[in-house]
Structures are given as structure tokens and as C-alpha cells.
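Analysis of the macromolecular model
Listed here are the chains, written in short residue letters.
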Amino acid sequence: MSATGSSNPEYVNARVRARRGALYDDEDYRKLLRMGPAEIARFMEESTYEEEINALGARFSGVDLIEYALNRSLAKQFNDILDWADGRLYDLIARYLRKFDAWNVKTVIRGIYADTPREEVETDLIRAGEFDDRLIERLLEATTIEEVVDRLSGTIYGPPLRAAYDDYEESGVLVPLENAVDRAFYENLLSGLVTNESTEQYREFLHAEIDFRNARNALRLARSGANIDPSEYYIDGGRLFSATELSQLASSPEELVTRIRESVYGDRLSAALTDLERADSLIGFERALEAALLEYSESLGHVFPLSVSLIISYILAKEREVENIRAIARAREAGLSEDEIEDELVIL
């Protein structure tokens, strides 16, 4: 494992393709939808999650066992990829995996906001970024959102969170804080990224991810009722919207979909965009956005098989598998029907 020297995309992509072949397919999800938490755990034990289920089975059961096993597996999968990678490829992957630091910051903030028990917040953390255990422990010990902001002062998230804190206090909604975290992550991710043949498609994917994140955040702000202009929380780096255009489109999901359909993403996202148009709620719309981004990343991985795009596509697909299994387990525990659960899933 090295961040210097030559890259080795052929080797890493070959390993990733093998792992991608082990992801759950439609038939697996159909089976999971009919299972309770204990049965889901046994199903996982007979697949790629065997090691994690066996290691944690003596301490946890039910949904807790499933969630801890999922998050441990996710971290292991991505650390394995870093172990395989060399040179510039290692750096590109490591920078992207910092998204899980952003995820953990937002998870802790949401937990405090909703007065969620610490144990439940910790279950949702994914230790696949650069934050060490000591910093994560300090975040979990915080009892107020302001304490979280203070404890992040030495990271890339501290200053933007501090700047957004007044908007959070005034509005009472988390969107300003969550968007500040996203902006810090993407600005850092794009900073210093040299575009060449091996990174051109990676940058193309990042443009798309930022575009879709901007669309989601603008819709959340518009639906929150808070007196906040979406342009104030626009993330630079996309290419589909300007800040002003996004503010205008935020109140009209139909126009937003039309804009995406007529964009550079349209040809590759025809089916996903149809799902976007049919979404009858903000949550449904966000699920469709996630599916569209996943489909876009997969298309880049097929077109440019020796770039980092295939690896990033796998990271997204594995993350989505974990979210799907978690959603099924939680919903089955809550007694939801198969149709209700299926609405929560993102499956290509």
C-alpha cells in the first residue's frame, strides 16, 4: 500500500470485479423481503458476511447483529481496496473514502438532534474514512451539536460547520449543517485533482455526484419550509446547475427532472429519470436520485474499465447493498409489509 509511485488499476479492477460479482442480486433481495431479522442474519452468514456474523454473533442478535456486521464488512471491503492500490490510484480512492467521515459527522449530529441513544448512533457509524477511534469517541460523547462543531475544529469540517451554525439555530432544521459537511467534503475532494486520461472519468463522475447532491439538498430546503435560499448552500463543482438556477428549480421537481433529462446525463439515465418523474414523495424522489447516480457510475465503469471509475462504482454499489439490507431488517422488525419495504430499496 503506497500513495507514491506507479498506479496499478488493472490489478485492483480485477479484484473489484470479483467482489462485484458477489453482490446480492434481485433474487437475493426477494428472499430477504420474506425473512425476519434472525433469518436475514443466517442468510448473511452463508454469503460474503460470514466472517462478520460469526465474529459478532456471541455479542449481538437480531437487527443489532445485522447492522454491526454490515458496517464492519463495509469498512473491511474498502480497507482491502486500499491495501491493493498503489500510487495515484491509492490517493484517489482514499480521498473518496473520506465520504464516510462526512457520513459519521452527519450521523452524530442527527442523533443529537433527534435525541437518539448513543448506542443506536454508534451502530450507524461506518469506520471506513480517516477519522481515528479517538475522534469518533469524542464525537459520540458530545451532548450538543455545538460540542460536535467544537470537536471538529481541527478537521476540514470545523470551519464550515461553525459558519452554518447560526442558520441552523435560526431555522431549526439540519440542512444547513449537513450541507456544510457535504460542501467541505467535495471541495477537499476536488482540490488539487489533476485531470489526465486516468482521472478524466473520475472527475466526470464527481461532477454528476455533486449535481445530484445539489438537487437533493435544494429539494430538502424547499420542502422544509425554512426561510433559506438554496443558492446559499450550493456546492461548487457540478456542471448541470448554477446556484441561481437551482434556487428556481427547487420548488418544481418536474422541471428539475426535465433539466436532468435534457442534460449530458439524459441518455444514460432514461429509465432512472422515469422513476424520478413517478416519485410521489420527497423520500421517493431521493431514492430515485440515488438509483440514477448508481446507474450513471456503473455506466462509466463499463465504458472505462481501467480507470478508477469502476472502483468508485463498486464502492457505491456495496454501500447501497448495505443500506438495502439494513432497511429490510429494520422494516421487518417494525412489521412493515413487503410492498412497503420494497419502496425503501434502491435496486438496479
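1. Looking at the overall build of the protein
In terms of helices and strands, the protein carries 19 helices and zero strands. Against the 2.2 N^0.38 benchmark of 20 Å for 348 residues, the protein shows a C-alpha radius of gyration of 20 Å, consistent with a compact globule. The principal-axis extent of the C-alpha atoms belonging to the protein is close to 50 × 45 × 45 Å. Counting only residues that meet the buried cut, the protein has 52% of its 348 residues in that class. At a minimum sequence separation of 6, the contacts of the protein that also span at least 24 residues come to 67%. On the protein, roughly 15700 Å² of surface is accessible, and the fraction owed to carbon and sulfur atoms is 45%.

2. Topic: the environment of Asp83
Along the polypeptide, Asp83 turns up in helix α5 (residues 62-84). Considering only alpha carbons, one finds Asp83 and Arg330, 247 residues apart in sequence, at a separation of 32 Å.

3. Section: the environment of Asn217
Along the chain, Asn217 turns up in helix α13 (residues 200-224). You can call Asn217 buried: its relative accessible area is 6%. Sequence-wise, Asn217 and Glu286 are 69 residues apart; in three dimensions their C-alpha atoms are separated by 9.6 Å. For Asn217, the residues in contact, after removing those within four places along its chain, are Val175, Asn179, Asp182 and Ile235.

4. Some details on the nonpolar core
If you look at the biggest cluster of nonpolar residues, it comprises 114 residues, and the most contacted ones within it are Met44, Ile93, Tyr157 and Leu161. With 12 residues, helix α18 (residues 309-334) is the largest single contributor of residues to this core.

5. Considerations on empty space enclosed by the protein
Tallied over the full model, the rule gives one cavity of 30 Å³ or more. Quantified by volume, the largest cavity comes out at close to 30 Å³. Contributing to the lining of the largest cavity are Asn179, Asn214, Asn217, Ala218, Leu221, Pro230, Tyr233, Tyr234 and Leu246. Here the lining of the largest cavity takes four residues from α13, the largest share from any one element. Of the residues belonging to the lining of the largest cavity, the class tally is six nonpolar, three polar and no charged.

6. Let's talk about a negative patch on the surface
Side chains of Glu338, Asp339, Glu340, Glu342 and Asp343 sit close together on the surface and give a patch of like negative charge. Positionally, Glu342 belongs in helix α19 (residues 338-342). The class of Glu342 is partly exposed, set by a relative accessible area of 45%.

7. Overview of the pattern of salt bridges
Under the defined criterion, the tally for this structure stands at 27 salt bridges. We note a salt bridge from Glu67 to Arg326, for which the minimum N-O separation is 3.8 Å. Of this pair, Glu67 sits in helix α5 while Arg326 sits in helix α18, placing them 259 residues apart in sequence. Two residues, Lys76 and Asp80, come together in a salt bridge whose shortest N-O distance is 3.1 Å. Of the two residues, Lys76 and Asp80 are both situated in helix α5; the distance of four residues between them amounts to about one turn of the helix. Residue Lys76 is classed as partly exposed on the basis of its relative accessible area, which comes to 34%. You can call Asp80 buried: its relative accessible area is 14%. Salt bridges sharing partners connect three or more residues here, namely Glu67, Asp124, Glu323, Arg326 and Arg330.

Definitions and cut-offs
Residues numbered from 1 in each chain as written. Predicted model: local features only at pLDDT ≥ 70, side-chain atom pairs only at ≥ 80, totals over all residues. Heavy atoms only, no water. Helix = DSSP H or I, 4+ residues; strand = E, 2+ residues; numbered from the N terminus. Rg over C-alpha atoms; globule rule 2.2 N^0.38 Å. Buried < 20%, exposed > 50% of the residue type's maximum accessible area, 1.4 Å probe, protein only. Contact = heavy atoms within 4.5 Å. Areas by Shrake-Rupley, 256 points an atom, 1.4 Å probe, with all protein chains shown as cover. Core = buried A, V, L, I, M, F, W, Y, C linked by side-chain atoms within 4.5 Å. 1 Å grid on protein atoms, 1.4 Å probe; cavity = no way out; pocket = protein on both sides within 12 Å on 5 of 7 lines; lining within 4 Å. Points joined across faces, edges and corners; volume = space filled by probe spheres on them. Nonpolar A, V, L, I, M, F, W, Y, C, P; charged D, E, K, R; others polar. Patch = residues over 30% accessible without salt bridge, like charges linked within 9 Å, V, L, I, M, F, W, Y side chains within 5 Å. Salt bridge = Lys/Arg side-chain N within 4 Å of Asp/Glu carboxyl O. Lys, Arg positive; Asp, Glu negative; His and termini not counted. Charge placed at Lys NZ, Arg CZ, Asp CG, Glu CD.

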